[in-house]
Amino acid sequence: MIRNRKFALVFRTVAFLIAISGLLDSFISLTHSIDGALFMYYTVQSNILACVMFGLLIVCTAKGLKKDGTLGSSSYLQRFEMVACVDLLLTLLVFWVLLTPTMFKMTDGGVYLWSYENLSVHLITPLLCLIDYILFSYPRKLKYIDVYLVLIFPISYLAFATIAGFSGYVFSIHDGAAQRFPYFFMDYDLLGALTIVYILALIIIFLLISHVFYYIDHKFRKIPD
């Protein structure tokens, strides 16, 4: 745990700028404008969550620096940060494990994978959230209920995307066919009841990751002197 608020403020400011630049670059590169349709995707919404988190942490850290000086804990909103961190890590895992293999079928898939807009939203920002939590969070502050609070954001998104799809919203057009759902693993038109299996698997992964956070926090991290 790093107890230097100036370092924390610099790190969080840089992380915020990277997170928001990745979002803006994705909009500009993919649509050449701020296309509202992109806000329908979990990746974009989770990265917005990361921007909000880093923005709040910047404010809290700046206030702590002004009030209490350079040295001391920079752990603020720790339970919210853990929840956001897990939600972002699933963005990373789902993209690189489930979606990336399908992208190699596309002619420009390999190029897109290593572009800044893709790496920033699917890799760099989630890792920055994790690094911030590791560097600055205070040990043994998590409560067991937090391992289940990580489900609020993804389940809310799942309900939102499902309702939008069944209401007739078209997320994309592929091979001339309208796709009403944002990701293949929740495409009820394509997979039917099998989507429930994918969704339950993702929920289990969420809970496994959050339990790991809780277990490490309470079993291995020591409270500083």
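Residues numbered from 1 in each chain as written. Predicted model: local features only at pLDDT ≥ 70, side-chain atom pairs only at ≥ 80, totals over all residues. Heavy atoms only, no water.

## Some points on empty space enclosed by the protein
Here is step 1 of the chain: In total, this model carries one cavity of 30 Å³ or more according to the counting rule given.
Here is step 2 of the chain: Each pocket or cavity is described by its volume, and for the largest cavity that value is around 290 Å³.
Here is step 3 of the chain: Considering the residues around the largest cavity, the lining is formed by 19 residues, among which Tyr 42, Leu 90, Tyr 157, Phe 185 and Leu 202 are closest to the centre.
Here is step 4 of the chain: Of all the elements in the fold, those that place two or more residues in the lining of the largest cavity are α2 (42-68), α3 (78-103), α7 (152-166) and α9 (194-219).
Here is step 5 of the chain: Sort the elements by how many residues they give to the lining of the largest cavity and α3 lands first, with five residues. (1 Å grid on protein atoms, 1.4 Å probe; cavity = no way out; pocket = protein on both sides within 12 Å on 5 of 7 lines; lining within 4 Å. Points joined across faces, edges and corners; volume = space filled by probe spheres on them. Helix = DSSP H or I, 4+ residues; strand = E, 2+ residues; numbered from the N terminus.)

## As for α9
Here is step 1 of the chain: Across its 26 residues, α9 extends 37 Å between first and last C-alpha, which sits within 8% of the 38 Å expected from 1.5 Å per residue.
Here is step 2 of the chain: The complete set of buried residues in α9 reads Thr 195, Ile 199, Leu 202, Phe 206, Leu 207, Ile 209, Ser 210, Phe 213 and Asp 217. (Expected span 1.5 Å × (residues − 1). Buried < 20%, exposed > 50% of the residue type's maximum accessible area, 1.4 Å probe, protein only.)

## A short note on the packing of α2 against α7
Here is step 1 of the chain: Where α2 contacts α7, the axes come no closer than 11 Å and their chain directions differ by 145°. Relative to α7, α2 is oriented so that their crossing is right-handed. Contact with α2, carried on its side by Tyr 42, Gln 45, Ser 46 and Leu 49, involves Phe 153, Pro 154, Tyr 157 and Phe 160 of α7 and no other residues of that element.
Here is step 2 of the chain: Tallied by class, the residues present in the contact of α2 with α7 amount to six nonpolar, two polar and no charged. (Axes fitted to C-alpha atoms, helices over the stretch in contact; angles between N-to-C directions. Left-handed = near helix turned anticlockwise from the far one by under 90°. Contact = heavy atoms within 4.5 Å. Nonpolar A, V, L, I, M, F, W, Y, C, P; charged D, E, K, R; others polar.)

## A closer look at the layout of surface pockets
Here is step 1 of the chain: By volume, the second largest pocket amounts to about 170 Å³.
Here is step 2 of the chain: What lines the second largest pocket is simply Leu 130, Tyr 133, Ile 134, Ser 137, Ile 209, Val 212, Phe 213, Ile 216, Asp 217 and Arg 221.
Here is step 3 of the chain: Here the lining of the second largest pocket gets five residues from one element, more than from any other, and that element is α9.
Here is step 4 of the chain: Looking at the lining of the second largest pocket, its residues break down into seven nonpolar, one polar and two charged.

## A look at the packing of α2 against helix α5 (residues 116-136)
Here is step 1 of the chain: One can describe the packing of α2 onto α5 by two numbers: an axis separation of 10 Å at closest approach and a directional angle of 35°. Remark: the crossing between α2 and α5 carries left-handed chirality. Residues Thr 43, Asn 47, Ala 50, Met 53, Phe 54 and Leu 57 of α2 form the contact with α5, whose participating residues are Ser 120, Val 121, His 122, Thr 125, Leu 128, Cys 129 and Asp 132.
Here is step 2 of the chain: Its residues assigned to classes, the contact of α2 with α5 comprises seven nonpolar, five polar and one charged.

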